[in-house]
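Chain by chain, the residues run as shown.
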Amino acid sequence: MNTTKITVEKTINADSKKVWDYWNQPEHITNWNFANYDWCCPKASNDLQVGGKLFTRMEATDGSFGFNFEGIYDEIVPQKKISYKITDGRNVTTTFENLGEKTKVTTVFDAENSNPIEMQRAGWQAILDNFKRYTENN
């Protein structure tokens, strides 16, 4: 089975330690893990180890809809790479490239079959853009 891979990336104006921490610590995840301000991430937990679980809850701010996002880690290279499998079987890999006072974050994920590729790319890119804003402003 051929799986379509989608890539999103952004360069963050922060060192790789800060980017790593803000990407992985639940108290930060809840502040950036949504595509736009009609959504929020009220809960997050992260057992950052091979076999550990990433859990986030995404909800519409008006309470009309929400869903859980969960993945099990299969590779962790501190400040460099994270890979996990989402509960629906899709793979996600995020790399962190140290550029001195900046860090390039690249996420490659398996597309799902329900929504158009461009919609999926736009949604994940919007979350990454939100991460950049949050990290650079805090």
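Above this note sits the structure.
Note that the structure is predicted; figures quoted are calculated from it, not measured. Numbering of residues starts from 1 in every chain and runs along the sequence as written. Since the coordinates come from a predicted model, pLDDT governs what is reported: local features require at least 70, and pairs of side-chain atoms require 80 or more to be given and counted, while whole-chain, interface and lining totals use all residues. Hydrogens and waters are ignored; side-chain quantities use all the structure's heavy atoms.

What about the pattern of salt bridges?
Within this document, salt bridges are pairs made up of a side-chain nitrogen of Lys or Arg and a carboxyl oxygen of Asp or Glu, the two lying within 4 Å of each other. Counted under the stated rule, the structure contains 10 salt bridges. One salt bridge connects Glu9 with Lys104, and the closest N-O pair in it is separated by 3.6 Å. A residue pair is termed long-range when its members are at least 10 positions apart, and Glu9 in strand β1 (residues 5–12) and Lys104 in strand β7 (residues 103–110) qualify at 95 residues. Relative accessible area serves as the criterion here: at 39%, Glu9 is assigned to the partly exposed category. On the accessibility criterion, Lys104 (25% relative accessible area) is partly exposed. A salt bridge links Arg121 to Glu118, with the nearest nitrogen and oxygen atoms 2.2 Å apart. What counts as a helix is a DSSP run of H or I of at least four residues, what counts as a strand is a run of E of at least two, and both are numbered from the N terminus. Exposure categories follow from relative accessible area, calculated using a 1.4 Å probe and restricted to protein chains: below 20% of the type maximum is buried, above 50% is exposed, and the middle band is partly exposed.

Some thoughts on the packing of aromatic side chains
Any pair of Phe, Tyr and Trp rings, taking the six-membered ring for Trp, is counted once the centres come within 6.5 Å. Such a pair is stacked with planes under 30 degrees apart, edge-to-face with planes over 60 apart, and tilted for the rest. For the structure shown, the criterion picks out 14 aromatic pairs. Note on Tyr22 and Tyr134: the rings are 5.5 Å apart at their centroids and 40 degrees apart in plane angle, and the pair reads as tilted. Of this pair, Tyr22 sits in helix α1 (residues 16–24) while Tyr134 sits in helix α3 (residues 117–137), and the two are 112 residues apart along the sequence. Judged by relative accessible area, Tyr134 falls into the buried class, the value being 15%. Between the aromatic rings of Trp23 and Phe131, the centroid separation amounts to 4.9 Å while the plane-to-plane angle is 85 degrees, which identifies the pairing as edge-to-face. Of the two residues, Trp23 is situated in helix α1 and Phe131 in helix α3; the sequence distance between them amounts to 108 residues. The exposure class of Phe131 is buried, given its relative accessible area of 0%.

All quantities given are derived from atomic positions and should not be read as evidence of function.
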